[in-house]
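Observations on chain architecture
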Amino acid sequence: MRKFDFALEKDINKQYNDAAIYYQQSIDEGNIKLDGYLNLAFLYWNFQDFGFSSYFNISDELVEIGCQKYPEILRKGIQQFPNSLELHFWERYFQHIFFGDEFSESDCKSLIEKYKSDQSITPYFFLSLFDKVKYKEKRSELLAICDKTPTAKNLYIKSIIG
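Residues numbered from 1 in each chain as written. Predicted model: local features only at pLDDT ≥ 70, side-chain atom pairs only at ≥ 80, totals over all residues. Heavy atoms only, no water.

Here's the deal with the packing of helix H2 (residues 16–29) against helix H3 (residues 34–46)
- Put simply, H2 and H3 touch, their axes get as near as 9 Å, and they point 135° apart. Between H2 and H3, the crossing angle belongs to the class labelled oblique. For the crossing formed where H2 meets H3, the hand is left-handed. Every residue of H3 that contacts H2 at Tyr-16, Ala-19, Ala-20, Tyr-23, Gln-24 and Ile-27 is listed here: Gly-36, Tyr-37, Asn-39, Leu-40, Leu-43 and Tyr-44. (Axes fitted to C-alpha atoms, helices over the stretch in contact; angles between N-to-C directions. Helix = DSSP H or I, 4+ residues; strand = E, 2+ residues; numbered from the N terminus. Parallel < 35°, antiparallel > 145°, perpendicular 65-115°, else oblique. Left-handed = near helix turned anticlockwise from the far one by under 90°. Contact = heavy atoms within 4.5 Å.)

Here's what the structure looks like:
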């Protein structure tokens, strides 16, 4: 089993310390999928949340690494997958949530248009916050994906729109 597969299994089983280590090793070894970058960046970003890191006993070392490295993981992911709508979305979303940078419905729609070759529907969780009726179908699709693969990222999405 590849390290990415171990990481995904640990992520789904809420063993986030181990998941982060395996995702990071996969990236360092160059054996990673887009989801590895997405899931690791999300974990690193989420490790900054005191409630999350306390509840899941995230090591102090990983909390510190996460604070420093989540933007780097996103940048590396974007270098590997420059047309990934989801990587560009999370880059903007994290800045919006963590630093209060402006990120509007229009901004999100612009990202979707710019990276329309990527069929990711993840940004629709954010759009559904603006209009639940208009984005109902995409929201339902996204919830099904979150139920199928309950990584920390997907559980977060589900907690926002579920």
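Next comes the rest of the account.
Observations regarding the nonpolar core
- With 49 residues, the main nonpolar core has Phe-47, Phe-89, Trp-90, Tyr-93, Phe-94 and Phe-125 as its most contacted residues.
- With 8 residues, the single largest contributor to this core is H3.
- Ignoring any residue separated from it by four or fewer positions in sequence, one finds Tyr-93 in contact with Trp-45, Phe-103, Phe-125, Phe-126 and Tyr-156. (Core = buried A, V, L, I, M, F, W, Y, C linked by side-chain atoms within 4.5 Å. Buried < 20%, exposed > 50% of the residue type's maximum accessible area, 1.4 Å probe, protein only.)

What about the packing of aromatic side chains?
- The tally for this structure, following the rule as stated, stands at 33 aromatic pairs.
- Judged by centre distance (4.8 Å) and plane angle (85°), the ring pair of Phe-98 and Phe-99 falls under edge-to-face.
- A connected cluster of aromatic rings, assembled from ring pairs, spans Phe-42, Trp-45, Tyr-70, Phe-89, Trp-90, Tyr-93, Phe-94, Phe-103, Phe-125, Phe-126, Phe-130 and Tyr-156.
- Taking the ring centre of Tyr-124 as reference, the NZ or CZ of Lys-138 above it sits at 5.4 Å. (Phe/Tyr/Trp six-rings, centres within 6.5 Å; stacked < 30°, edge-to-face > 60°. Lys NZ or Arg CZ within 6 Å of the ring centre and 35° of its normal.)

Regarding unusual backbone geometry
- For Lys-14, which is not glycine, the phi torsion reads 65° and is therefore positive.
- Within the element layout of this structure, Lys-14 appears in the loop between helix H1 (3–12) and H2.
- Of note, Asn-57 is a non-glycine position whose phi angle comes to about 50°, a positive value.
- You can see Asn-57 is positioned in the loop between helix H4 (50–55) and helix H5 (60–80).
- Its relative accessible area of 62% is what places Asn-57 among the exposed residues.

Any functional reading would require information beyond the geometric quantities listed.
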